[in-house]
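The lines below spell out each chain.
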Amino acid sequence: MKFKTLLWSLCFVAFGSIAAEKRTENTYKLSEGESQPKANLQDVKWLVGSWEGTAFGSKFEEVWNPESANTMVGMFKLYDQEKGVSFYEILLLIEENDSLALLVKHFSADFTAWESKEDFIKFKLVKLEENAVHFSGLSFYQKDANTIDGYIVMSYKDGSVKEQPLSYKRVKN
């Protein structure tokens, strides 16, 4: 439940912004009046593969399929060996308005959707670099072919905002 509250708060951070100004040390948000950068799925093909790592004091697994039908599909699972699964995500990278957007749908450990049937969280692309991709409140830095440092902005009930790290290691291509 704690993760559900944190990620719903993130939703408000992601939707509350319009291109690339610093949000936290490692993340960006869209500046008012600035448009998204031009990009396509080939720009983020380095995400393809199976990954594992740590986030929120737990372990995760994430898989990204190669581009097909103008989309990239991914899956995410956050878990603890002793406590079990915290939550799942289905991820969809799409080309939209000559740029990219990341769509995310969350599910509890019992596979109950957090968002309503037709809803999802949308992270718009705000900045693209040679070895990094920045969505509104969510950034991925490719350190090398087998390592990614990720950062997600979390907004808390007391009004504070904190950047949470995600450390990725490639399991296989």
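See above for the structure.
The structure displayed is predicted, hence computed values, not measured ones.

Calculation rules
- Residues numbered from 1 in each chain as written.
- Predicted model: local features only at pLDDT ≥ 70, side-chain atom pairs only at ≥ 80, totals over all residues.
- Heavy atoms only, no water.
- Helix = DSSP H or I, 4+ residues; strand = E, 2+ residues; numbered from the N terminus.
- Buried < 20%, exposed > 50% of the residue type's maximum accessible area, 1.4 Å probe, protein only.
- Areas by Shrake-Rupley, 256 points an atom, 1.4 Å probe, with all protein chains shown as cover.
- Core = buried A, V, L, I, M, F, W, Y, C linked by side-chain atoms within 4.5 Å.
- Contact = heavy atoms within 4.5 Å.
- Pairing = 2+ DSSP bridges.
- Axes fitted to C-alpha atoms, helices over the stretch in contact; angles between N-to-C directions.
- Phe/Tyr/Trp six-rings, centres within 6.5 Å; stacked < 30°, edge-to-face > 60°.
- Salt bridge = Lys/Arg side-chain N within 4 Å of Asp/Glu carboxyl O.
- 1 Å grid on protein atoms, 1.4 Å probe; cavity = no way out; pocket = protein on both sides within 12 Å on 5 of 7 lines; lining within 4 Å.
- Points joined across faces, edges and corners; volume = space filled by probe spheres on them.
- Nonpolar A, V, L, I, M, F, W, Y, C, P; charged D, E, K, R; others polar.
- Lys, Arg positive; Asp, Glu negative; His and termini not counted.
- Polar contact = N/O pair within 3.5 Å; in protein donor to acceptor, adjacent residues only side chain to side chain.

Visitor: Help me out: how do you make sense of the overall build of the protein in this one?
Guide: Counting secondary structure elements, the protein contains one helix and 12 strands. Secondary structure elements of the protein occur, N-terminal to C-terminal, as α-β-β-β-β-β-β-β-β-β-β-β-β. In the protein, buried positions account for 48% of the 173 residues. Surface exposure of the protein reaches about 9,200 Å², of which carbon and sulfur atoms provide 50%.

Visitor: So what exactly am I meant to see when it comes to the nonpolar core here?
Guide: Side chains that are nonpolar tend, in soluble globular proteins, to be buried together. If you look at the biggest cluster of nonpolar residues, it comprises 33 residues, and the most contacted ones within it are Val44, Leu47, Met72, Leu93, Leu102, Phe135 and Phe140. Other than its neighbours up to four places away in sequence, methionine 72 contacts Leu41, Val44, Leu47, Val48, Trp64, Asn65, Pro66, Glu67, Leu91, Leu92 and Leu93.

Visitor: Is there a simple way to explain the sheet that holds strand E7 (residues 99-108) in this structure?
Guide: Within a sheet, each strand pairs with its neighbour through backbone hydrogen bonds, oriented either parallel or antiparallel. The 10 strands are arranged E3-E4-E5-E6-E7-E8-E9-E10-E11-E12 in a closed barrel whose pairing can be described as antiparallel. Each strand of the sheet is rotated relative to its neighbour by a mean of 25°, with strand direction disregarded.

Visitor: Teacher, can you tell me more about the packing of aromatic side chains here?
Guide: Ring pairs (aromatic) are described by centroid distance and by the angle formed between their planes. Under the defined criterion, the tally for this structure stands at nine aromatic pairs. Measuring from centroid to centroid gives 5.2 Å for phenylalanine 60 and phenylalanine 76, while their planes differ by 25°, and the two rings are stacked. Of this pair, phenylalanine 60 sits in strand E4 (residues 58-64) while phenylalanine 76 is found in strand E5 (residues 71-80), placing the two residues 16 residues apart along the sequence. Phenylalanine 76 matches phenylalanine 60 in its accessibility class, with the two residues each being buried. On the basis of an interplanar angle of 75° and a centroid distance of 5.9 Å, the ring pair of tyrosine 141 and tyrosine 151 is categorised as edge-to-face. Here the residue tyrosine 141 occupies a position in strand E10 (residues 138-144), and tyrosine 151 occupies one in strand E11 (residues 147-155), the gap between them amounting to 10 residues.

Visitor: Looking at this structure, I do not really get the pattern of salt bridges. What am I missing?
Guide: A side chain with one charge may pair with a side chain of the opposite charge, provided their charged atoms come close. On inspection of all chains with the given rule, the structure shows six salt bridges. The salt bridge partner of aspartate 149 is lysine 143, with a shortest N-O separation of 3.7 Å.

Visitor: Please explain empty space enclosed by the protein as it appears in this structure.
Guide: It is the rolling of a water-molecule-sized probe over the atoms that shows where space remains empty. Computed from the structure, the largest cavity encloses a volume of approximately 240 Å³. Every residue lining the largest cavity is counted, 22 residues in all, and those nearest its centre are Glu89, Leu91, Leu138, Phe140 and Ile152. Those elements that provide at least two residues to the lining of the largest cavity are helix H1 (2-15), E4, strand E6 (84-96), E7, strand E8 (121-129), E10 and strand E12 (161-172). For the lining of the largest cavity, the leading source of residues is E6, giving four residues. Split into classes, the residues belonging to the lining of the largest cavity amount to 19 nonpolar, one polar and two charged.

Visitor: Whenever I open this one, the side chain of arginine 170 confuses me. Can you help?
Guide: Here arginine 170 lies in strand E12. Of the side chains bearing the opposite charge, aspartate 144 lies closest to the buried arginine 170, which forms no salt bridge; the N-O distance is 7.2 Å. One polar contact links the side chain of arginine 170 to the main-chain carbonyl oxygen of valine 48, over a distance of 2.8 Å. Setting aside chain neighbours within four positions, we find arginine 170 in contact with Trp46, Val48, Gly49, Ser50, Trp51, Ala145 and Asn146.

Visitor: Help me out: how do you make sense of unusual backbone geometry in this one?
Guide: The general pattern is negative phi for most residues beyond glycine and trans for most peptide bonds. At phenylalanine 56, a position not held by glycine, the phi torsion is positive, near 55°. With respect to the element layout, phenylalanine 56 can be found in the loop between strand E3 (49-55) and E4. Here aspartate 98, not a glycine, exhibits a phi torsion of approximately 60°, which is positive. Along the chain, the position of aspartate 98 falls in the loop between E6 and E7.

Visitor: Whenever I open this one, the side chain of glutamine 164 confuses me. Can you help?
Guide: By the secondary structure assignment, glutamine 164 is in strand E12. Here the side chain of glutamine 164 touches tyrosine 156 through a polar contact of 3.2 Å, side chain to side chain. Once residues lying within four places of it in the same chain are set aside, the contact partners of glutamine 164 are Phe56, Gly150, Tyr151, Ile152, Met154 and Tyr156.

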